[in-house]
Amino acid sequence: MKAAIVVFPGTNRERDMAIALRRVTGHEPRMVWHRETDLTGIDLVVLAGGFSYGDYLRCGAMAAHSPIMTEIRSFAHKGGHILGVCNGFQILTETGLLPGALLRNANLRFLSQDCHLRVERADTPFTHKWKKGDVFRTPMAHGDGNYTADQSTLDRLEGEGLVAFRYATAQGVVQADDSASNLNGSVNSIAGILSENSRICGMMPHPEDLVDPLMGGVDGLPLFEGLVEALVR
Amino acid sequence: MKKTVDDSLAREFGLTSEEYARVVTIMGRMPSLTELGVFSVMWSEHCSYKSSRKWLRTLPTKAPWVIHGPGENAGVVDIGLGYAAIFKMESHNHPSFIEPYQGAATGVGGILRDVFTMGARPIANLNALRFGNPETPRTRQIIDGVVRGIGGYGNCVGVPTVGGEINFHPAYDGNPLVNAMTVGLARKDRIFLSAAAGVGNPVVYVGSRTGRDGIHGATMSSAEFDENAMAKRPTVQVGDPFIEKLLIEACLELMATDAIVAIQDMGAAGLTSSAVEMAGKGGVGIELDLDAVPQREPGMTAYEMMLSESQERMLMVLKPDRTEVARKIFEKWELDFAIIGHLTETGHIVVKHKGQVEADIPLDPLADQAPIYDRPATTPVVPEPLGPVHAPLSLDATLIKLIGSPDLASRAWVWNQYDSTVGGQTVRRPGAADAAIVKIEDTSLALAITTDCTPRYCHADPKTGGAQAVAEAWRNITATGARPLAVTDNLNFGNPEKPEIMGQFIAAIEGMGDACRALDFPVVSGNVSLYNETRQPDGSAMAILPTPAIGALGVLNDVEKAVGLGMQDGKAVVLVGETHGELGQSIWLREILGREDGPPPPVDLVAEKRNGDFVRQEILNGTVSACHDLSDGGLMVAVAEMVMASGVGCELESPDSGIRPEAFWFGEDQARYLVCVDNAADFCARAEKAGVPARLIGQSGGNDLILPSGVTISAARLVVAHEAFFPALMTR
C-alpha cells in the first residue's frame, strides 16, 4: 500500500499518522504539500489532524479550496481510498466528499481525552479487522467534533449503513442519554462515517495515536492493518 | 500629540530620576523619544534583571552535560545520542490578569519562540499556574480564560501540553501566575545562537507584521498593579498560533540550510531588545530602516515600532548570498520577509525612519551601564515549631476531604482541554506518572519533565521553600526512573523595593542554590517576575506568596524502563524515606484546621539524594513496578492517588511508628517515595544496605483502599471525591 499524507500549513498530526502507517507498511508514507497536484501511484490518501489554515473561519473551509483538493476529488471519483481524521474529516465535509458538518463541541470546550468507539460496519477496508459491535479505545483532541447533518442525510446515512463508528461506553452501549460517552454531542453518537462506496472514511478521534504499547495501547492498530490488507497490490 | 522628553516622561516610562540622568550622560545630549523608549525598556526590571542579577549569579549553572546555561534564549543540555534538550520557563503574569485568554496564549507563544529560535523543534509544553480564592467569580473567570488561552495556542501549534501544576491561594487574587515552559529537541551540533557577526550582513525580519499592540508591555510587567490595571489592556498582546506554527516550520526549514548567522525572537520589548541583544552580544553595530518593517497599520512612528510587542516575529542575521534561499522558504509558508537593516562597525544601534535618524545609541554603555541594584533586604523570620494539634475527623473522612480540596483535587478538567498526545510520543499523559514522559522519536530515549513549587512553604520559610521546590522536582523525575539533568527557574515575587520581599527573594535563591548543588542539578535558564503585587483600595499592596517555580528535566536512556504512579495488582507497597510527621504548613493543617502556620517540613538534601538515587536504581533494575513521590497531603493521599490512577486497591497496615495517626498519614516529610515491589523483604534489605529507610506499609489488590482501621473506601468513591471540584467550580 502506497499512502500519501496531505500536509496543509497548519496540519500538526502528520507525524503521528506517518508513524502509524510506517508501523503497518514498513516504510514512510509520502508527504504531499497542499500546493502539489500529483497523486500518481497512491493507493490511500490521508488527511491528518491539525488546524489546516488556522481554522478561524470554519474548520477545514479554506483547506477545501487548496490546489491539492482538485486532485483529491478526482482521486475519489476514480474510486480511490481516503481516510480523513479530525481536521481531515472536517475538510472532507467542507469539500462535500462526505455529507454533514462538524460544529463546536456541545460543552464549548476543547476535548482531549480517551473515548470508546463501537464498530458499526465490519465489511469496509477501514474496519474489516474488527467485528461489528466491537469496541475500541482511542484518544480524541478537538474543539469542533460535534457531527450534524439534516434529517434526510441522517436518514440516508443510517438507512444505507454509512455510519462507521459511534461513541459508546466501554461496554459498547450507546445510551439514549449519551452525554457521558458522546462528549462532543454528535447527532446519533456518530464518530465516523463512510462514503456510499465505502472507500472514503472520516472520523474525529485519533486511532493513529494508539498504535504502540508504549504510548498506552494498540487499540487503533486494526484500522491501519486492515487498510494494508485491503489495499495490497 | 508630540511628547516632550524630560524627567517626568522618563518616570512615566518607568525610569527613576537617577536612571534618566545616566541616560542623558551616556547620550551627551537630550535623548529623542525613541531613544528614551529604548533605554526605558532595556533598563526595565523585566529586561535588565537589575534587582535580581546579583543573586542569580550565585546559582550553580554548570555540569558536564550542560551545553548552554543562562544567557542564551533557553538552556541546553546534552541528552545523549547526539541530541540536546532546549528548555525554559517564563512568566506571563501581568497580562494574564488583565486579559486572561490572550495573556496566557501569548505566554505559550513567547516561550515556544525562545526554544525554536535556538534550532529546536518544540516537543512538550507545561504550565505552572497559581490562582486566587476559587470562591470568587473573578478567579473563575481567570481560570476559564487562562485554560482556554493555553489550549487555544498550544493545541493549534501542535505541541503537546503534557504537565504542570495548579495552586490556589487568596494571595493570588489580584495577581495570578501563569508560568509557561517549553521543551524542544535539536541535534546538539545544530544549535543556533543570537550573537550577530559579519559587518554588512543583512538583518532580516520574518513573521507577523508589526502593530501597535503591547507597547511598553515590559514596562508594565515591572510595576505593581493599581486599581486602574484594566486601563492597561492595550498593553496586552494578541496571539495567532497559526502564524506561530508557520514560523516554527519555516524557521526549522531555514535552519536546515547554512543561511543563518544569528537568530533571535522578538519577545518582551520587541524589535528593540532583539536588535540590541544580537548586536551587543556580537560586539557589532546595527542599523535599522523602519520603512522596510512590515506594518499592520499605517502611520506608526519609530517609537511605536521599536516598542511594539506584536507576536510571532523573529529577527535574523543572514549570510548575504543566502537571502534569496531564505526568502523562498518564508514565501512558501506565506510569512512576511523583509531585509530591514544591516550590521555595522559603529558599535551603535541606529534607527532610521522616513529619512530621519530617530535613534543613535552606543550599545556598550546601554548594556554595561544598565542599573544594577543591591537592594536592602530583611532576613525572613522562620516560624516557631507547630505545637500540639488535635484531629477532629476520622482518617477516612479526612482523606476524602483532602483529595477533593482545591490544591489536591483532580486537574482532569483542565488537562482534558489540552492536546497531550499530538506528536505521538507521549508515553505518560498528565496524571499517569510523577513527571510527564515524552519519547524522542526513533530512539530509546525519553525525557521526564515536571514543574514544582510549594508557595506556602516558601512564604513560611523562603530558604527551605526554595530548596524544597528543587528537591521535589528532582524527586518527581527520579520517581519515573529518569536521571535528573537540569532546572529552569521562574522566580515570581512581589515588589523588590520592599526589604521583606527582597529578603524572601534572596533566601529562596539561597535554598535553591543549596539544593541544586547537593543534587547536581544546575540552573540552565530562567526568568524573574517581580512587582507581583496589587494595590488594595485602602492603599496597601498585597504581594503574592513567594513562588520560585521550578521546571526540570531528566532523561531515560531506555524508555521501556519508565514507571508510572498507578497502583499495580498483587504487589507489596513500600514506603521509602523517614517519617517524623511534619504537619507545619501542611495541606492537612490548612484544610482540616483552617490554619496556615508552623515551619515547612525540613529538607535534608543528603537524604534526598541517597533515597532518590536508591529508588532510581531499583526502578532501572526492574524491581519497581510503580512509584510515586510523597508531597502535598502526605502518605495517605499518595496511596489514594496511586489507587485512583489505576483503579487497583490497597490494604494498609497499621503503623507502628510512635507518631500520632494524622501526623503519620498526612505529615509532609520530604525525601519519601512509595513503591510497588514483588518482594518487600529483599527490597528493604537492599535499602538498609544503602542506608535508606524503607518499610512495608500495605499490599495492593482488589478495588478498594482499606485503612488500618478496616474502613474500606472503593477506588470509584475516591475518584468521585477527587474529580468533583473543578467541574463543580467551573459550572457555577
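Calculation criteria
- Residues numbered from 1 in each chain as written.
- Chains lettered and ligands numbered in written order.
- Predicted model: local features only at pLDDT ≥ 70, side-chain atom pairs only at ≥ 80, totals over all residues.
- Heavy atoms only, no water.
- UniProt positions renumbered as here; feature names shortened; annotations may be inferred.
- Contact = heavy atoms within 4.5 Å.
- Buried area = accessible area lost by both parts, 1.4 Å probe.
- Salt bridge = Lys/Arg side-chain N within 4 Å of Asp/Glu carboxyl O.
- Polar contact = N/O pair within 3.5 Å; in protein donor to acceptor, adjacent residues only side chain to side chain.
- Helix = DSSP H or I, 4+ residues; strand = E, 2+ residues; numbered from the N terminus.
- Nonpolar A, V, L, I, M, F, W, Y, C, P; charged D, E, K, R; others polar.
- Pairing = 2+ DSSP bridges.
- Axes fitted to C-alpha atoms, helices over the stretch in contact; angles between N-to-C directions.
- Buried < 20%, exposed > 50% of the residue type's maximum accessible area, 1.4 Å probe, protein only.
- Expected span 1.5 Å × (residues − 1).
- Phe/Tyr/Trp six-rings, centres within 6.5 Å; stacked < 30°, edge-to-face > 60°.
- Lys NZ or Arg CZ within 6 Å of the ring centre and 35° of its normal.
- Disulfide = S-S within 2.5 Å.

The name given to chain B in an unreviewed UniProt entry is Phosphoribosylformylglycinamidine synthase subunit PurL, with the source organism recorded as Acetobacter orleanensis. The UniProt entry for chain B carries the following text under Subcellular location (unreviewed entry): "Cytoplasm".

An unreviewed UniProt entry lists chain A under the name Phosphoribosylformylglycinamidine synthase subunit PurQ, from Acetobacter orleanensis. The heading Subcellular location (unreviewed entry) in the UniProt record of chain A holds the text "Cytoplasm". UniProt annotates chain A under Subunit (unreviewed entry) with the comment "Part of the FGAM synthase complex composed of 1 PurL, 1 PurQ and 2 PurS subunits."

*Asks:* Give a detailed account of the interface of chain A and chain B, specifying residues and quantitative values.
*Replies:* Taken together, the 31 residues of chain A in the interface contact 35 residues of chain B. With both chains or domains summed, chain A and chain B bury close to 2,600 Å², and 48% of this area falls on carbon and sulfur atoms. Of all residues in chain A, R109(A), L214(A) and M215(A) give up the largest surface area on contact with chain B, accounting jointly for 26% of the area buried on that side. Across the contact surface, chain A and chain B share six salt bridges. Between R429(B) and D114(A) there is a salt bridge, and its shortest N-O distance comes to 2.9 Å. The tally of links from chain A across to chain B stands at 18 residue pairs in polar contact (both at pLDDT 80 or more). Of all the secondary-structure elements, those providing two or more residues to the side of chain A that touches chain B are α1 (14-25), β6 (111-119) and β7 (135-142) of chain A. Considering only residue class, the side of chain A that touches chain B consists of 14 nonpolar, eight polar and nine charged.

*Asks:* Would you mind going over the sheet that holds strand β10 (residues 313-318) of chain B in detail, with residue names and values included?
*Replies:* All names here are of chain B. Strand order across the open sheet formed by seven strands is β8-β10-β7-β11-β9-β12-β13, with mixed pairing between neighbours. A single partner strand is all that each edge strand has here, and the edge strands are β8 (260-265) and β13 (356-362). Each strand axis lies, on average, 20° off the axis of its neighbour in the sheet, ignoring direction. Direction of pairing for strand β9 (residues 285-289) relative to strand β12 (residues 348-353): parallel, over a ladder of four bridges. Among the inter-strand pairings, D289 is bridged to a residue of β12, identified as K352.

*Asks:* Residue-level account of the pattern of salt bridges, with values.
*Replies:* With the rule as written, the count across this model stands at 61 salt bridges over all chains. D123(A) serves as the salt-bridge partner of R121(A), at 2.6 Å between the closest nitrogen and oxygen. Among the residues examined, R121(A) registers a relative accessible area of 17% and is labelled buried. E297(B) serves as the salt-bridge partner of R212(B), at 3.2 Å between the closest nitrogen and oxygen. In this pair, R212(B) sits in the loop between β7 (202-207) and α9 (217-220) while E297(B) sits in the loop between β9 and α12 (302-307), placing the two residues 85 residues apart along the sequence. By relative accessible area, R212(B) is classed as partly exposed at 33%.

*Asks:* I'd like a description of the UniProt feature "active site" (unreviewed entry) in chain A, backed by residues and values.
*Replies:* All names here are of chain A. Per the UniProt record, "active site" (unreviewed entry) is found at C86, H206 and E208. The greatest C-alpha distance among the annotated residues, which extend across 123 residues, is 11.0 Å, indicating that they converge on a single site. Counting through the fold element by element, C86 comes out in the loop between β4 (81-85) and α3 (87-95). Residue contacts for C86: discarding those within four places in its chain leaves G49, A141, H142, M203, M204 and H206. Position of H206 relative to the elements: it lies in the loop between β11 (200-203) and α5 (221-230). Leaving out residues up to four positions away in the same chain, H206 has contacts with R13, G49, V85, C86, T138, P139, M140 and A141.

*Asks:* I'd like a rundown of the environment of V187(A), residues and numbers included.
*Replies:* Residue and element names in this part refer to chain A. Topologically, V187 is positioned in the loop between β9 (163-168) and β10 (190-194). Given the relative accessible area of 23%, V187 is considered partly exposed. Between the C-alpha atom of V187 and that of T148, which follows or precedes it by 39 residues, the distance is 5.6 Å. Among all residues touching V187, those that are not within four sequence positions of it are N146, Y147, T148, A149 and L154.

*Asks:* Describe helix α21 (residues 605-620) of chain B, and please don't skip the residues or the numbers.
*Replies:* Residue and element names in this part refer to chain B. With 16 residues, α21 ought to run about 22 Å at 1.5 Å a step, and its terminal C-alpha atoms sit 22 Å apart, in line with that. By the burial criterion, the buried members of α21 are L605, A607, E608, N611, G612, F614, V615, R616, E618 and I619. The backbone nitrogen of V606 has a side-chain oxygen 3.1 Å away, supplied by the residue at the start of α21, namely D604. Looking one or two residues beyond α21, the residue adopting positive phi is G622, at roughly 85°.

*Asks:* For the packing of aromatic side chains, give the residues involved together with the corresponding values.
*Replies:* Centre-to-centre distance and the angle between the planes together describe a pair of aromatic rings. Residue and element names in this part refer to chain B. For the structure shown, the criterion picks out 17 aromatic pairs over all chains. Each ring, one from F168 and one from F725, has its centre 5.6 Å from the other, and the planes form 80°; the classification is edge-to-face. Here F168 is found in strand β5 (residues 161-168), whereas its partner F725 is found in helix α26 (residues 725-730), with 557 residues between them in sequence. An aromatic cluster is defined as three or more aromatic residues linked by ring pairs; in this entry it consists of F131, F168, W413, F725 and F726. The residue whose ring lies beneath K54 is W55, and the NZ or CZ to ring-centre distance is 4.8 Å.

*Asks:* Help me get a handle on the state of the cysteines, residues and values and all.
*Replies:* Under the counting rule described, the total for this entry stands at zero disulfides over all chains. You can see C86(A) has no disulfide; the closest cysteine sulfur is in C59(A), sitting 8.3 Å from it. Distance from the sulfur of C458(B), which forms no disulfide, to the nearest cysteine sulfur (C453(B)) is 4.1 Å.

*Asks:* If you had to explain the environment of T450(B) to someone new, which residues and values would you point to?
*Replies:* Residue and element names in this part refer to chain B. On the secondary structure map, T450 appears in strand β16 (residues 446-452). In this structure, the C-alpha to C-alpha distance between T450 and R686, residues 236 residues apart in sequence, is 28 Å. Once residues lying within four places of it in the same chain are set aside, the contact partners of T450 are L126, M181, D434, A435, A473, N476, I477, I550, G551 and A552. Of note is the side chain of T450, whose polar atom sits 2.8 Å from the side chain of D452.

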